[in-house]
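Chain and residue survey
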Amino acid sequence: MEKILLIEPSYKNKYPPIGLMKISTFHKEYRKDYVKFVKGIEELEEKKWNRVYITTLFTFDFDVVVKTINHYKNYVVNPEKDIIVGGILATLLPKKLEEATGIRPFTGQVTCASMIGYLKHTGVNVDIQPLDYDILSEIEYQYPTGESYIGYTSRGCPNKCKFCAVPILEPEFKTTNNITRQIIAINERYGEKRNLMLMDNNVLYSSYLQDITEELKELGFKRG
């Protein structure tokens, strides 16, 4: 069993760290690892961790992210190998972030566990794992949408608008097919939630829009 540390920098945000919540589920369910979640910079009693994951969000929080990464480099034996930095900022500014921290960021989605070094779990798509809501209770910060279902029915966007970062973050438009499985898993583990937050960029483009609508209605998200 490994010791896994999940870090979200101390910026203010409306949505909980979806990526870290999926990674937490992977480590707990598939590897039976010990997982701890921290928001911001803390001096932890446990000084050495097998792996540290640090998420990133908006590019205007660059300085906060860099300070956070450099702090937690002291909590692993080999920072270049044992720290994985991912998320929006990391995907948009990978070279700049590496220059500031010495850590090469992971860009894009973790669609296979082998992408983050777990070859024994090749074939496990970390990106579609149910969210681990338990980690949110480990911190004092309250997310306005922390008690909602959060998911996707599609990824990417066919439009290539120059002002938009989606073509970099999610270059391929595709329809996902796991929203029902994720909601059922969340209900079984944490109980039913009232609201559903869909993070799609352009679901109206999907040729499966009618199917998606019917699926959401069957799940209870409909008029009335």
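What comes next is a walk through the structure. (Residues numbered from 1 in each chain as written. Predicted model: local features only at pLDDT ≥ 70, side-chain atom pairs only at ≥ 80, totals over all residues. Heavy atoms only, no water.)

**Examining helix H2 (residues 62-72)**
All of the buried residues along H2 are Phe-62, Val-65, Val-66, Thr-68, Ile-69, His-71 and Tyr-72. Considering only its buried residues, H2 is in contact with strand E1 (3-8), strand E2 (34-39), strand E3 (51-56), strand E4 (83-87), helix H4 (88-92) and helix H5 (94-101). (Buried < 20%, exposed > 50% of the residue type's maximum accessible area, 1.4 Å probe, protein only. Helix = DSSP H or I, 4+ residues; strand = E, 2+ residues; numbered from the N terminus. Contact = heavy atoms within 4.5 Å.)

**Thoughts on helix H7 (residues 179-190)**
Helix length check: H7 (12 residues) gives 16 Å between terminal C-alpha atoms against 16 Å at 1.5 Å per residue, within 8%. Along H7, the residues that are buried comprise Ile-179, Gln-182, Ile-183, Ala-185 and Ile-186. Looking down the long axis of H7, one finds its buried residues gathered within 160° of arc, a one-sided arrangement. Close packing links the buried residues of H7 with strand E5 (149-151), strand E8 (196-198) and helix H8 (209-218). Following H7 by one or two positions, Gly-191 adopts a phi angle in the positive range, close to 90°. (Expected span 1.5 Å × (residues − 1). Arc of directions from axis to C-beta.)

**Here's the deal with the pairing of E2**
Here E1 runs beside E2; their pairing, made up of 6 bridges, is parallel. Bridge pairing links Leu-5 to Lys-36 in E2. Read as a crossover between parallel neighbours, the route from E1 over helix H1 (residues 18-30) to E2 is right-handed. (Pairing = 2+ DSSP bridges. Right-handed = clockwise from strand over helix to strand, strands pointing away.)

**A closer look at the environment of Tyr-75**
Among the structural elements, Tyr-75 can be located in the loop between H2 and helix H3 (79-82). Separated by 131 residues in sequence, Tyr-75 and Ser-206 have C-alpha atoms that sit 44 Å apart. Beyond its immediate chain neighbours, meaning those up to four positions away, Tyr-75 contacts Glu-42, Glu-43, Leu-44, Glu-46, Lys-47, Lys-48 and Trp-49. Looking at Tyr-75, its side chain comes within polar contact range of the side chain of Glu-43, at 3.3 Å. (Polar contact = N/O pair within 3.5 Å; in protein donor to acceptor, adjacent residues only side chain to side chain.)

**Let's talk about the packing of H2 against H5**
At a closest axis distance of 10 Å, the pairing of H2 and H5 adopts a crossing angle of 45°. Taken together, the axes of H2 and H5 lie oblique to each other. For the crossing formed where H2 meets H5, the hand is right-handed. Contact with H2, carried on its side by Phe-62, Val-65, Val-66, Ile-69 and Asn-70, involves Lys-96, Leu-97, Ala-100 and Thr-101 of H5 and no other residues of that element. Here the residues of the contact of H2 with H5 sort into 6 nonpolar, 2 polar and 1 charged. (Axes fitted to C-alpha atoms, helices over the stretch in contact; angles between N-to-C directions. Parallel < 35°, antiparallel > 145°, perpendicular 65-115°, else oblique. Left-handed = near helix turned anticlockwise from the far one by under 90°. Nonpolar A, V, L, I, M, F, W, Y, C, P; charged D, E, K, R; others polar.)

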